[in-house]
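# Structure assessment
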Amino acid sequence: MIRVLLFGNIYEDKWLGSFIRSIKQKSTEIEVDFFNVVTDTLPYPESAKLWANIHVVTPYFPAFCYKIPKLRGLSKILDILISIRNLSKHVRATGKQYDIVHLSFLLGLYIFVVDEIRSMGKRLVLTPWGSDILRAKQKNLKRLAKLVEKADYVSCGQNAPRFREDIIRLLKVPEYKFVSAGFGTEMIDHINAYKDLSKDVAKKHLGLEGRYVMVCAYNGNPCQQHLKIIDSIAEIKQRLPENFILLFPMTYGGNEKYVREVKGRLEENGLLYKILEDYLSNGELLYVRKCADLFIHAQTTDANSGTVAEYLLCRTKVVNGAWLLYPQREKYGVPFYKFQSFDELGAVILQAIADKTSIIPDKLLEDISKDGWSHVGQQWINFYNSCATTD
């Protein structure tokens, strides 16, 4: 039995839940314990049942420390560090060292307990997500670079060559430490399984029958730049198809205040819209992907947007910010319509709508179809097996 200890946010079900589901479906020889670095007390997602054991952060300070803003953040950080140290003591005391310790999403605070983390496993694996390094300040990047020095491997998917370059540039990762294993997308597997689901059926299911559906962004985080998208669309609304509607998936990543602001901007500009705020299962999300005539993607930074790939696989026209670079998606030709700034966005949207030909290469669709967890999960299993058998 291969024993793994994975550090991460247990509420990131889209990624880590999908990860453990894939591992459990394909292997009975890998047991994964989870250390939840998040101090929230929300109910765990359903996928939590699949982790062999869950270790949590213990609060060590008086209750008032968590009520004072200046003390709250420091107390929570110290709680995480102390909890990690105590877990390392427990592992040493029991003599049950893990084969692999895996940090998924890199936190600068790990550097303060890296020796304790390192001591809990024979191998240390790091998986950057994107925002953890692309949006990190210089001070934090230095800490993460030191973390890399202590690690055996740094993982990055084959479908993210540009992100791999960013990791090398920002964290000074030597080539020999890289392993080609990244994130899969459960939605890719769903799209592959429901190839015959038509756009019209998806629209009808969502109450959008007869509409030209323009999906704007894919979550509620302000970094998706919803307001700028709305302003750009407002400038061209008289030139859009008469039956257009704007669809905003905002089921996670934002807050009620920001959603209200988005709604207010839409209503000020007299734009017909629908905002999805409630949790969507993969089955429901499939309809969102399939219903789209156009997808507008303009977030500030991104390492490897699985969502862009999902819309491309549905043969949806994608309007993409030119600063969001996906060279792995362009090797057969550019599959999306690029805009350099929001001043250009309106014109590029009109260009995409007017274009009657598909610019999405069939070879690219073949590649994307392999980005599901059914394929990527096996890569992780192979890697874990290799780690555990290497002296």
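Here, every reference points to the structure presented above.
What you are looking at is a predicted structure, and each value in this text was computed from that prediction instead of being measured. (Residues numbered from 1 in each chain as written. Predicted model: local features only at pLDDT ≥ 70, side-chain atom pairs only at ≥ 80, totals over all residues. Heavy atoms only, no water.)

### Looking at the overall build of the protein
Broken down by element type, the protein carries 15 helices and 13 strands. Relative to a compact globule of 391 residues, whose C-alpha radius of gyration would be 21 Å, the protein shows 22 Å and is just as compact. Expressed along its principal axes, the backbone C-alpha trace of the protein runs to roughly 70 × 50 × 35 Å. Residues counted as buried form 51% of the 391 residues belonging to the protein. Residue pairs in contact within the protein that sit at least 24 positions apart in sequence constitute 73% of those at least 6 positions apart. Counting every atom, the protein has about 18300 Å² of accessible surface; 51% of that belongs to carbon and sulfur. Looking at charge distribution, the protein has the averaged site of its 52 positive side-chain charges lying 5 Å from that of its 44 negative ones. (Helix = DSSP H or I, 4+ residues; strand = E, 2+ residues; numbered from the N terminus. Rg over C-alpha atoms; globule rule 2.2 N^0.38 Å. Buried < 20%, exposed > 50% of the residue type's maximum accessible area, 1.4 Å probe, protein only. Contact = heavy atoms within 4.5 Å. Areas by Shrake-Rupley, 256 points an atom, 1.4 Å probe, with all protein chains shown as cover. Lys, Arg positive; Asp, Glu negative; His and termini not counted. Charge placed at Lys NZ, Arg CZ, Asp CG, Glu CD.)

### Thoughts on the sheet that holds strand 7 (residues 178-179)
The seven strands are arranged 3-2-1-4-5-6-7 in an open sheet whose pairing can be described as parallel. Only two strands of the sheet have a single neighbouring strand rather than two, namely strand 3 (54-56) and strand 7. The sheet contact formed by strand 2 (residues 30-36) and strand 3 spans three bridges and is parallel. Directly across from Phe-34, in strand 3, lies its bridge partner Ile-54. (Pairing = 2+ DSSP bridges.)

### So, the layout of surface pockets
In this structure, the second largest pocket spans a volume of roughly 240 Å³. Surrounding the second largest pocket, 14 residues form its lining, Gln-158, Asn-159, Asp-367, Lys-370 and Asp-371 being those nearest its centre. In terms of residue count, helix 15 (residues 373-389) provides more of the lining of the second largest pocket than any other element does, three residues in total. (1 Å grid on protein atoms, 1.4 Å probe; cavity = no way out; pocket = protein on both sides within 12 Å on 5 of 7 lines; lining within 4 Å. Points joined across faces, edges and corners; volume = space filled by probe spheres on them.)

### Points about helix 11 (residues 282-291)
Burial in helix 11 covers these residues: Leu-285, Leu-286, Val-288, Arg-289, Lys-290 and Cys-291. Buried residues in helix 11 make contact with helix 7 (186-193), helix 8 (199-205), strand 8 (212-216), strand 9 (244-249), strand 10 (273-276) and helix 12 (306-313).

### Quick look at the sheet that holds strand 13 (residues 337-339)
On the basis of which strands lie adjacent, the open sheet formed by six strands has the order 10-9-8-11-12-13 and parallel pairing. Of all the strands in the sheet, just strand 10 and strand 13 have a single pairing partner and so form its edges. Direction aside, neighbouring strands of the sheet carry axes that sit 20 degrees apart on average. Relative to strand 12 (residues 317-321), strand 11 (residues 294-297) is paired through four bridges, and the arrangement is parallel. Note that in strand 12 the partner of His-297 across the bridge is Asn-320. (Axes fitted to C-alpha atoms, helices over the stretch in contact; angles between N-to-C directions.)

### Observations regarding the packing of helix 9 (residues 226-236) against helix 13 (residues 342-354)
Where helix 9 meets helix 13, the closest approach of the two axes is 9 Å, and the angle between their N-to-C directions is 55 degrees. In terms of axis orientation, helix 9 runs oblique to helix 13. Crossing of helix 9 over helix 13 shows right-handed handedness. Residue-level inspection shows Lys-228, Ile-229, Ser-232, Ile-233 and Ile-236 of helix 9 in contact with helix 13, the latter providing Phe-342, Leu-345, Gly-346, Ile-349 and Leu-350. (Parallel < 35°, antiparallel > 145°, perpendicular 65-115°, else oblique. Left-handed = near helix turned anticlockwise from the far one by under 90°.)

### Some remarks on the pairing of strand 4 (residues 98-104)
Every regular strand shows the same layout, with side chains that alternate between the two sheet faces. Within strand 4, seven of the seven residues are buried, which leaves it mostly tucked inside the rest of the structure. As paired elements, strand 1 (residues 2-8) and strand 4 share four bridges and run parallel to each other. The partner of Leu-6 across the bridge, within strand 4, is His-102. Across six bridges, strand 4 lies against strand 5 (residues 121-127) in parallel orientation. Of the residues in strand 5, the one forming a bridge with Leu-103 is Leu-126. With respect to chirality, the unit in which strand 4 leads through helix 3 (residues 114-119) into the neighbouring parallel strand 5 is right-handed. (Right-handed = clockwise from strand over helix to strand, strands pointing away.)

### As for the environment of Gln-340
Here Gln-340 shows up in the loop between strand 13 and helix 13. The spacing of Gln-340 and Asn-320 is 20 residues in sequence and 9.0 Å in space, taken between C-alpha atoms.

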